[in-house]
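Below, each chain spelled out in residue letters.
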Amino acid sequence: MLISRQPAQLASLIKAQWLLISQKPTVTQLKQKFYHTSSKNYRFLSDPENKGSRQAGINFDTLGCWNSRLELPIHYEESIERGKIIPKIPLTEIGSATLLGRRKVNEDRYAVEELSPNLLYFGMFDGHAGTEAVDFVNQKMKKSILFWLNQTDDLEEVIKQSFIDVNNQLARYLLFSRSSNFHCGTTATVCLLKNSVGLVIGHVGDSCAILCRQGKAVRLTQDHDPEVEEEASRIKKCGGFISLNSLGRSHVNGRLAMTRSIGDLDLKPYGVTAKPDILTMEVCYIILCWCSVRNGID
């Protein structure tokens, strides 16, 4: 990476790395440092593609900074490895909210946790048929992820195994507690954010993840809906059926409006699986939202 750069670019990158290692500045401090460099260096920073034109303010965007008004610490190792500044995202910069609305009981749950200095966990769960399943899953998912993190470094495998593990735990809990509520279940959208940029998403159901990129909302997950041909085919192969309710919406066996979930034990033999779809990518800003919020965005 260093060999392919121009001498001026190489000098600037070395300077940036030295600043990261020796002085450990914040994002704003580093921006001020670069703005007060010599005119020669400033020309390089404002003309990263060496086209002979200058644009005020482009230098820091080129380095990969987020909003410069935020006093965020810098992720030093990741910044040096990628050759651009990567902010370290603290939990204090992450927002979360839920609203009861017109329902009598709020069946939405969410979790935001720091599992390690370089790994954040986000979970969003939308329960149905009571809060028994959603409360259980919200409580157990983090513990299951921590367990599987000790078994493998593959975050995709961690999420996959955690979903299946928590579903099995819920099944045992309902059976041994002699609960008759085998209709209870929940969606699950779980994200692991590594080093502030590496995102792994696993989800079942119709709660979604939305990425904000260049000011536009980009949907990352697809609903597990009975109207999706691949999903409906699996249900039918397992002996289930798809029917319409009075509003014309498709349901599995006339009961569930999604084809994957955690819980819903009575529908597991008919293809309603807890196996998640998984996506890995680099991110800048992401939103997790329940179906009611998602419908407003769509």
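About the cut-offs
Residues numbered from 1 in each chain as written. Predicted model: local features only at pLDDT ≥ 70, side-chain atom pairs only at ≥ 80, totals over all residues. Heavy atoms only, no water. UniProt positions renumbered as here; feature names shortened; annotations may be inferred. Buried < 20%, exposed > 50% of the residue type's maximum accessible area, 1.4 Å probe, protein only. Helix = DSSP H or I, 4+ residues; strand = E, 2+ residues; numbered from the N terminus. Arc of directions from axis to C-beta. Contact = heavy atoms within 4.5 Å. Salt bridge = Lys/Arg side-chain N within 4 Å of Asp/Glu carboxyl O. Core = buried A, V, L, I, M, F, W, Y, C linked by side-chain atoms within 4.5 Å. 1 Å grid on protein atoms, 1.4 Å probe; cavity = no way out; pocket = protein on both sides within 12 Å on 5 of 7 lines; lining within 4 Å. Points joined across faces, edges and corners; volume = space filled by probe spheres on them. Nonpolar A, V, L, I, M, F, W, Y, C, P; charged D, E, K, R; others polar. Polar contact = N/O pair within 3.5 Å; in protein donor to acceptor, adjacent residues only side chain to side chain. Phe/Tyr/Trp six-rings, centres within 6.5 Å; stacked < 30°, edge-to-face > 60°.

As named in an unreviewed UniProt entry, the protein chain is Protein phosphatase 1K, mitochondrial-like, taken from Octopus vulgaris. Here the protein chain is described in UniProt, under the heading Sequence similarities (unreviewed entry), as follows: "Belongs to the PP2C family."

*Asks:* Which parts of the structure should I look at to understand helix α8 (residues 229-237)?
*Replies:* For an α-helix, 3.6 residues make a turn, and residues three or four places apart therefore share a direction. E231, A232 and I235 are the residues of α8 that are buried. Taken end-on, α8 shows its buried residues confined to a sector of 95 degrees, consistent with a single buried face. Seen from the open side of α8, the exposed residues pointing more than 90 degrees away from its buried face are E229, E230 and K237. In the core, the buried residues of α8 are packed alongside β8 (242-244) and β9 (250-252). Positive phi shows up at G239, right after α8, with a value of about 95 degrees.

*Asks:* Sorry, what's going on with the pattern of salt bridges here?
*Replies:* Close approach of charged atoms lets side chains of opposite charge pair. In total, this model carries nine salt bridges according to the counting rule given. A salt bridge links D206 to R249, with the shortest nitrogen-to-oxygen separation between them at 3.7 Å. A residue pair is termed long-range when its members are at least 10 positions apart, and D206 in the loop between β5 (198-204) and β6 (208-213) and R249 in the loop between β8 and β9 qualify at 43 residues. We classify D206 as buried; its relative accessible area is 8%. Here R249 falls in the partly exposed class, since its relative accessible area comes to 38%. Linking D223 and R219 is a salt bridge whose minimum nitrogen-to-oxygen distance equals 2.6 Å. With relative accessibility at 29%, the residue R219 sits in the partly exposed group. Each of E231, R234, R260 and D277 takes part in salt bridges that share partners, so that together they form one network.

*Asks:* Would you mind going over the nonpolar core with me for this structure?
*Replies:* One finds Y121, F125, M141, I145, F163, L192 and I262 to be the most contacted residues of the largest nonpolar core, which totals 28 residues. The set of elements that each furnish at least two residues to this core consists of β1 (108-116), β2 (119-128), α6 (132-149), α7 (155-176), β4 (188-194) and β5. Among residues more than four places away in sequence, those in contact with Y121 are A111, V112, E113, L115, M141, K142, I145, V190, C191 and L192.

*Asks:* Hey, could you run me through empty space enclosed by the protein in this one?
*Replies:* A full pass over the atoms with the stated rule returns one cavity of 30 Å³ or more. Of the volumes computed, that of the largest cavity is approximately 60 Å³. Every residue along the wall of the largest cavity is listed here: H75, K88, I89, E114, P117, N118, L119, L120, L193, N195 and S196. Among the residues making up the lining of the largest cavity, the classes are represented as five nonpolar, four polar and two charged.

*Asks:* Whenever I open this one, the environment of T186 confuses me. Can you help?
*Replies:* With respect to the helices and strands, T186 occurs in strand β3 (residues 185-186). In this structure, the C-alpha to C-alpha distance between T186 and D264, residues 78 residues apart in sequence, is 8.0 Å. In this structure T186 touches F125, D126, G127, H128, A133, V134, V137, S261, I262 and D264, once residues within four positions along its chain are discounted. A distance of 3.3 Å separates a polar side-chain atom of T186 from the backbone oxygen of D126.

*Asks:* So what exactly am I meant to see when it comes to the packing of aromatic side chains here?
*Replies:* Working definition: an aromatic ring pair is given by the centre-to-centre distance plus the angle between the planes. For the coordinates displayed, the defined rule picks out two aromatic pairs. Each ring, one from F136 and one from Y173, has its centre 5.0 Å from the other, and the planes form 25 degrees; the classification is stacked. One end of the pair, F136, is in helix α6; the other, Y173, is in helix α7, and 37 residues separate them in sequence. Considering the side-chain rings of F147 and W148, the 5.2 Å spacing of their centres and the 85 degrees angle between planes classify their relative orientation as edge-to-face.

*Asks:* How should the environment of L267 be read in this particular structure?
*Replies:* You can see L267 is positioned in the loop between β10 (262-263) and β11 (277-282). Under the relative-accessibility criterion, L267 is labelled buried at 3%. Remark: the alpha-carbon pair of L267 and N253, spanning 14 residues in sequence, is separated by 8.1 Å. Beyond its immediate stretch of four places on either side in the chain, L267 contacts V252, N253, R255, L256 and V272.

*Asks:* Looking at this structure, I do not really get the environment of H128. What am I missing?
*Replies:* In this fold, H128 is placed in strand β2. Beyond its immediate stretch of four places on either side in the chain, H128 contacts E107, H183, C184, G185, T186, L256, M258 and D264. Only 2.8 Å separates the side chain of H128 from the side chain of D264, close enough to count as a polar contact.

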